[in-house]
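What the coordinates show
Letter by letter, the chains look like this.
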Amino acid sequence: MATTNMPEAAVIDDAGAISGTLARAFDDDPMMRWFFPDDAPREATLQRYFSTLFTRQYLHNGVCERTGAAAAFWVPAEAQEKAVPDDETIRQLVDILGDRAGLFREAVETAAAYTPEEPHWSVALIGADPAAQGTGQGSALLRSGLAKADAAGLPTYLESSKAANLPVYEHFGFTVREEFALPGGGPVLWGMWREAR
């Protein structure tokens, strides 16, 4: 991956580096720990999970950017309906999730019920390697995607399951739109909204 904080478009050859970065970034995320509760294989399993999402879904139907130690997947308004997993992607995710696949499906359905209907950009994923947090790489990616949404004149939506991240998003103009718990004893998610600037 790149060695700077400057966001660059991600390409298929970045899959290994991006999935490793995101696996480390999301290791302590409440939703990822709920989907993948076993500590020992979590990093390797998360790498497979993020690699599948990147290579099969967001690379083709989203805007994927990366820095040296961070990555972000965005879904523009016009790609919202296309940026859903196809049958093969679903099969791969079910294989990765194992006995947690049912919980994952219920979580996706629950979150979808809260997704705004008005045209918007979505932050599908954004994360920085913990070793690089505080170096501005995640912020650079967030600014880059928000600039694209602003240029399109559209608001932006994201969901976070980590309360500690809410002030970061609020700093960039997001406000909490709703708070909801995932079914089956899952974590709380905050839906956040930012108007175009």
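Data block above holds the structure.
Structural notes, computed from the coordinates. All values reported here derive from a predicted model rather than from experimental measurement. (Residues numbered from 1 in each chain as written. Predicted model: local features only at pLDDT ≥ 70, side-chain atom pairs only at ≥ 80, totals over all residues. Heavy atoms only, no water.)

**What to know about the pairing of strand 6 (residues 175-181)**
Strand direction decides the pairing type here: strand 6 and strand 7 (residues 188-194), joined by six bridges, are antiparallel. When the bridges of strand 7 are listed, T175 appears paired with W193. In sequence, strand 6 turns back onto strand 7 through a hairpin of six residues, with G184 there showing a positive phi of about 75°. (Pairing = 2+ DSSP bridges. Helix = DSSP H or I, 4+ residues; strand = E, 2+ residues; numbered from the N terminus.)

**Brief notes about the packing of helix 3 (residues 42-61) against helix 4 (residues 87-97)**
One way to put it is that helix 3 packs onto helix 4 with a least axis distance of 10 Å and a crossing angle of 175°. Classed by the angle they form, the pair helix 3 and helix 4 counts as roughly antiparallel. Between helix 3 and helix 4, the residues in contact are T45, R48, Y49, T52, L53, R56 and Q57 and E88, T89, Q92, L93, D95 and I96, respectively. Looking at the contact of helix 3 with helix 4 residue by residue, the class counts come to four nonpolar, five polar and four charged. (Axes fitted to C-alpha atoms, helices over the stretch in contact; angles between N-to-C directions. Parallel < 35°, antiparallel > 145°, perpendicular 65-115°, else oblique. Contact = heavy atoms within 4.5 Å. Nonpolar A, V, L, I, M, F, W, Y, C, P; charged D, E, K, R; others polar.)

**Observations regarding the nonpolar core**
L22, M32, F35, F36, Y49, F50 and F73 are the most contacted members of the largest nonpolar core, which totals 35 residues. Broken down by secondary-structure element, the contributors of at least two residues to this core are helix 1 (15-25), helix 2 (30-35), helix 3, strand 3 (70-75), helix 4 and helix 5 (101-114). It is helix 3 that contributes the most residues to this core, six residues altogether. Apart from residues no more than four positions distant in its own chain, Y49 is found in contact with M32, F36, L93, I96 and F104. V63, A70, W121 and L158 belong to the second largest nonpolar core, which has 20 residues in total. (Core = buried A, V, L, I, M, F, W, Y, C linked by side-chain atoms within 4.5 Å. Buried < 20%, exposed > 50% of the residue type's maximum accessible area, 1.4 Å probe, protein only.)

**Considerations on helix 5**
Counted at 1.5 Å a residue, the expected span for helix 5 with its 14 residues is 20 Å, and the 20 Å between its end C-alpha atoms agrees. Residues of helix 5 that are buried include every one of A101, L103, F104, A107, T110 and A111, and no others. Tucked into the core, helix 5 has its buried residues touching helix 2, helix 3, helix 4, strand 5 (156-160) and strand 6. (Expected span 1.5 Å × (residues − 1).)

**Considering the packing of helix 1 against helix 3**
One way to put it is that helix 1 packs onto helix 3 with a least axis distance of 8 Å and a crossing angle of 125°. Overall, the two elements helix 1 and helix 3 adopt an arrangement that is oblique. Here helix 1 runs over helix 3; the crossing is right-handed. On helix 3, the residues that touch A15, I18, S19, G20, L22, A23 and R24 of helix 1 are E43, L46, Q47, F50, S51, F54 and T55. (Left-handed = near helix turned anticlockwise from the far one by under 90°.)

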